[in-house]
Amino acid sequence: MRWRVVGSLAAAGVLLTGCSMGSAIPAPEESFGATAPVVTGPQPAPARPATTLNLAAGTCWTGELLGEDPQLALKLAATFAISYFDAAYATKDRPAFLEKRRCSAKHAIEVYRLVQAAAVTPLVSDYGQLMRTQTLDFALLSAAVNQACMDDTLSSAATRSGVAGASLQPALPAGYRTTWAPATLEQWQRGQRLFACLLVQDEPSPLRYAALRTSSLPTVLRTCIASGPRIYVDCARPHDRERIAYLDVSGAVASGLFPGHSALRRSSGGAYLDEGAAFYAPLDQACTAYLRSVSSDPRLSGVAEIDVNAWPDAVGRYAISCEADTPANKPSKVTQGSVYNSVYDRLGG
């Protein structure tokens, strides 16, 4: 069974994951040059020392965040002539990169890839641009970094969607997310003009990004759905659908190339996105391409689903879920275990 307009499921616990250090999509007229109130008065120094460590791919870190230091937000607001609230919002989830951990030990943050700032557009010439997260240019930058965080397999699948700027990442349960963050101001000033692609865990563990698309990931960390009672279940239990990835189209929504919140329609049955089969066909192709990279089961297809109750989600992202499901013209197949099997492992990840 496939639901083209997905409502909230009965069981709590699965949050959207996506690779996006972002915010609500701004109005098109906003830009990096937008002005904001300037914080006046004395500006105390940050309460904690700034990081002295450099970023590198394949490194793991403790979970301290820049947003935990309100004094830092005051300093950044004054430095970049933005409001305190904008500075606090921009840094609330950004890693401070204060202490490294061995990746084989429990860690909260993994830098699994680095993206050179000069390799993506809009180009960032001033760190203050990275503090103005409510602008259209930042939304477009976020989409570009998300794309650069993908490997070739993910990029190829995302391209099948036909959505400009779309990015794709494996689905994760609540408490885990793929995202990105710029180097801290101190790292940037030392010449590390970089964006870090991150796997973040609320509860530190030895989990690595490379495990997300292998059969080694415990089934309890997969997202399976029993369509009858409409609940999330451990994939070790009987189910007929598995959420395998998210296709983030936030950049296309910001550019007006994909329908956003304003495209929702209301009826007595609730909200819906009034789009037909032709709209979903290329999105299904992207989901199927990803499915084929992690599973050899030919009886399942990738199906794109849009939850109108999270369009956008709580942090402003527009993400389409990819689900492994029985094709619409065939009887629903109930399975146990995850669709992730030895195919991807055999290809070397």
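Predicted, not measured: the structure shown is a model, and the values here were computed from it.

What counts, and where the lines are drawn
- Residues numbered from 1 in each chain as written.
- Predicted model: local features only at pLDDT ≥ 70, side-chain atom pairs only at ≥ 80, totals over all residues.
- Heavy atoms only, no water.
- Helix = DSSP H or I, 4+ residues; strand = E, 2+ residues; numbered from the N terminus.
- Buried < 20%, exposed > 50% of the residue type's maximum accessible area, 1.4 Å probe, protein only.
- Contact = heavy atoms within 4.5 Å.
- Disulfide = S-S within 2.5 Å.
- Axes fitted to C-alpha atoms, helices over the stretch in contact; angles between N-to-C directions.
- Parallel < 35°, antiparallel > 145°, perpendicular 65-115°, else oblique.
- Left-handed = near helix turned anticlockwise from the far one by under 90°.
- Nonpolar A, V, L, I, M, F, W, Y, C, P; charged D, E, K, R; others polar.
- Pairing = 2+ DSSP bridges.
- pLDDT = per-residue confidence, 0-100.
- Salt bridge = Lys/Arg side-chain N within 4 Å of Asp/Glu carboxyl O.
- Core = buried A, V, L, I, M, F, W, Y, C linked by side-chain atoms within 4.5 Å.
- Expected span 1.5 Å × (residues − 1).

## Side note on the overall build of the protein
Within the protein, the secondary structure is distributed over 8 helices and 14 strands. Buried positions account for 52% of the 349 residues belonging to the protein. Put simply, of all contacts in the protein between residues at least 6 apart along the chain, 75% involve residues at least 24 apart.

## Observations regarding the state of the cysteines
The final tally for this structure, using the stated rule, is 4 disulfides. Disulfide pairing places Cys60 opposite Cys103 at an S-S distance of 2.0 Å. Handedness of the Cys60-Cys103 disulfide follows from its S-S torsion of about 105 degrees: it is right-handed. Of this pair, Cys60 sits in strand E2 (residues 59-61) while Cys103 sits in the loop between strand E3 (100-101) and strand E4 (107-116), and the two are 43 residues apart along the sequence. Each member of the pair Cys60 and Cys103 is classed as buried. One disulfide bridge connects Cys224 with Cys235, the sulfur atoms lying 1.9 Å from each other. Negative torsions about the S-S bond denote left-handed disulfides, and the value of about 100 degrees found for Cys224 with Cys235 makes this one right-handed. One end of the pair, Cys224, is in strand E8 (residues 223-226); the other, Cys235, is in the loop between strand E9 (231-233) and strand E10 (241-248), with 11 residues separating them in the sequence. Accessibility classification places Cys224 together with Cys235 in one group, the buried group. What connects to what in the protein, once the bonded cysteines are numbered by sequence position, is 1-2, 3-4, 5-6, 7-8.

## Some details on the packing of helix H1 (residues 70-80) against helix H2 (residues 84-91)
Closest axis-to-axis distance for the H1/H2 pair is 8 Å, and the angle between their directions is 120 degrees. Classified by the angle between their axes, H1 and H2 sit oblique to one another. In the packing of H1 onto H2, the handedness of the crossing is right-handed. When H1 is examined against H2, the residues Pro70, Ala73, Leu74, Leu76 and Ala77 are found in contact with a partner set consisting of Tyr84, Ala87, Ala88 and Thr91. Residues that form the contact of H1 with H2 fall into these classes: 8 nonpolar, 1 polar and no charged.

## Focus: the sheet that holds strand E7 (residues 194-205)
Taken together, the 5 strands give an open sheet; going across it, the order is E3-E2-E4-E7-E6, and neighbouring strands pair in antiparallel fashion. Only two strands of the sheet have a single partner each, and these edge strands are E3 and strand E6 (176-182). Where E4 and E7 come together, 8 bridges link them in antiparallel fashion. Considered in E7, the bridge of Arg113 is made with Cys197. Contacting E4, E6 and E7, helix H3 (residues 136-148) runs over the sheet at an angle of about 115 degrees to E6.

## Overview of the confidence of the model for the protein
Any residue range with low pLDDT should be treated as having predicted coordinates unsuitable for detailed reading. Residues of the protein with pLDDT of at least 70 account for 83%, and the chain-wide mean is 86. Across residues 10-46, where pLDDT falls below 50, the model places 113 contacts with residues more than four positions away in sequence or in other chains. Note that pLDDT drops below 50 for residues 342-349; the model gives that stretch 13 contacts with residues more than four away or on any other chain.

## Structural notes on the environment of Pro218
By the element assignment, Pro218 lies in the loop between E7 and E8. Taking C-alpha positions, Pro218 is 9.4 Å from Asp234, a pair spaced 16 residues apart along the chain.

## Points about the pattern of salt bridges
In total, this model carries 10 salt bridges according to the counting rule given. Asp313 is the partner of Arg317 in a salt bridge, and the nearest nitrogen-oxygen pair spans 3.3 Å. Exposure remark for Arg317: the relative accessible area of 11% places this residue in the buried category. Within this structure, Arg241, Arg243, Glu305, Glu323 and Asp325 form a network of salt bridges that share partners.

## Describing the nonpolar core
A general trend in soluble globular proteins is that nonpolar side chains are found buried together. The biggest cluster of nonpolar side chains holds 85 residues, and the ones touching the most others in it are Leu168, Phe195, Val249 and Phe258. Sequence-distant contacts of Phe258, that is, excluding residues within four places in its chain, are made with Val163, Val249, Ala252, Val253, Phe279, Leu283, Trp311 and Ile320.

## Some thoughts on the pairing of E4
In terms of residue burial, E4 counts as a mostly covered element, since 7 of its 10 residues are buried. Across 3 bridges, E2 lies against E4 in antiparallel orientation. Note that in E4 the partner of Trp61 across the bridge is Ile109.

## Observations regarding helix H7 (residues 277-294)
Compared with an ideal rise of 1.5 Å per residue, which puts 18 residues at 26 Å, H7 spans 25 Å between its outermost C-alpha atoms and is within 8% of the ideal. Those residues of H7 lying buried are Phe279, Tyr280, Leu283, Asp284, Ala286, Cys287, Thr288, Tyr290, Leu291, Ser293 and Val294.

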